Amino acid sequence: MRPSALLDTAVPLLALGGEHALKPACVRVLELAAARAFDAVASVELVQEFAFHRLRRHGDPSGAAGEASELSKLLRLEPFDRAVLAESLRLAGIGAARGRDAVHAATALLHGLDAVITPDGDFDGIPGLVRISPADLPAWIDAGGGTGLGGVRRGD
């Protein structure tokens, strides 16, 4: 069985964006998702957030929609429904996560995921989730996924 993890929006944005120290690692995450080396899961909100940022950055509606559509093919998408909303509000209410991060975290938790792939330290400390840095994903996959990270770093 393949390991499963939630993908945060920062990963595809860094992969397709300009020069950044984490760009190669983020590109590799998308390659591993395309190769089905792990089950890349996301809220449908991730695709919307990705499209919004790409449109804002480049002003090309057709291009942003096309990129978002291609990204969605790599992911097992979960709905943003009332249960996710309630859990995201609970996380926000205890100060564990805010905004879209709360939606993404709630999606992971409600769908049995314990790992989120992101360079974003705002995911640190969310009860029930471990943050996997994009650079650490190959080692996490090799270790079989889950929260038993052994020598794998929690983040950058």
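Criteria and thresholds
- Residues numbered from 1 in each chain as written.
- Predicted model: local features only at pLDDT ≥ 70, side-chain atom pairs only at ≥ 80, totals over all residues.
- Heavy atoms only, no water.
- Phe/Tyr/Trp six-rings, centres within 6.5 Å; stacked < 30°, edge-to-face > 60°.
- Lys NZ or Arg CZ within 6 Å of the ring centre and 35° of its normal.
- Pairing = 2+ DSSP bridges.
- Helix = DSSP H or I, 4+ residues; strand = E, 2+ residues; numbered from the N terminus.
- Axes fitted to C-alpha atoms, helices over the stretch in contact; angles between N-to-C directions.
- Contact = heavy atoms within 4.5 Å.
- Core = buried A, V, L, I, M, F, W, Y, C linked by side-chain atoms within 4.5 Å.
- Buried < 20%, exposed > 50% of the residue type's maximum accessible area, 1.4 Å probe, protein only.

(A) Spatial organisation of the packing of aromatic side chains. One pass over the structure, following the stated rule, counts 0 aromatic pairs. A cation over a ring is seen here: Arg 100 above Phe 52, with NZ or CZ 5.6 Å from the ring centre.

(B) Representation of the sheet that holds strand E5 (residues 130-132) in the model. Overall, parallel pairing links the 5 strands, which are arranged E3-E2-E1-E4-E5 in an open sheet. Both outer strands of the open sheet, strand E3 (76-78) and E5, are each paired with one neighbouring strand and no more. Ignoring which end each strand starts from, the neighbouring axes of this sheet average 35 degrees apart. Sheet analysis places strand E2 (residues 39-43) next to E3, joined by 3 bridges and oriented parallel. Bridged to Ser 43 within E3 is Glu 78. Packed onto the sheet, helix H3 (residues 44-58) meets strand E1 (4-7), E2 and E3 and runs at close to 75 degrees relative to E2. Contacts from helix H6 (residues 99-110) reach E1, E2 and E3 within the one sheet, and its direction differs from that of E2 by about 130 degrees.

(C) Representation of the nonpolar core in the model. Phe 38, Leu 75, Ile 117, Leu 137 and Trp 140 are the most contacted members of the largest nonpolar core, which totals 29 residues. Top element by residues in this core is helix H2 (residues 23-34). It accounts for 5 residues. Apart from residues no more than four positions distant in its own chain, Ile 117 is found in contact with Ala 5, Leu 6, Leu 7, Asp 8, Val 11, Val 29, Phe 38, Ile 132, Pro 134 and Leu 137. Listed in part, the 16 residues of the second largest apolar core include Leu 6, Ala 97, Ala 105 and Ala 106.

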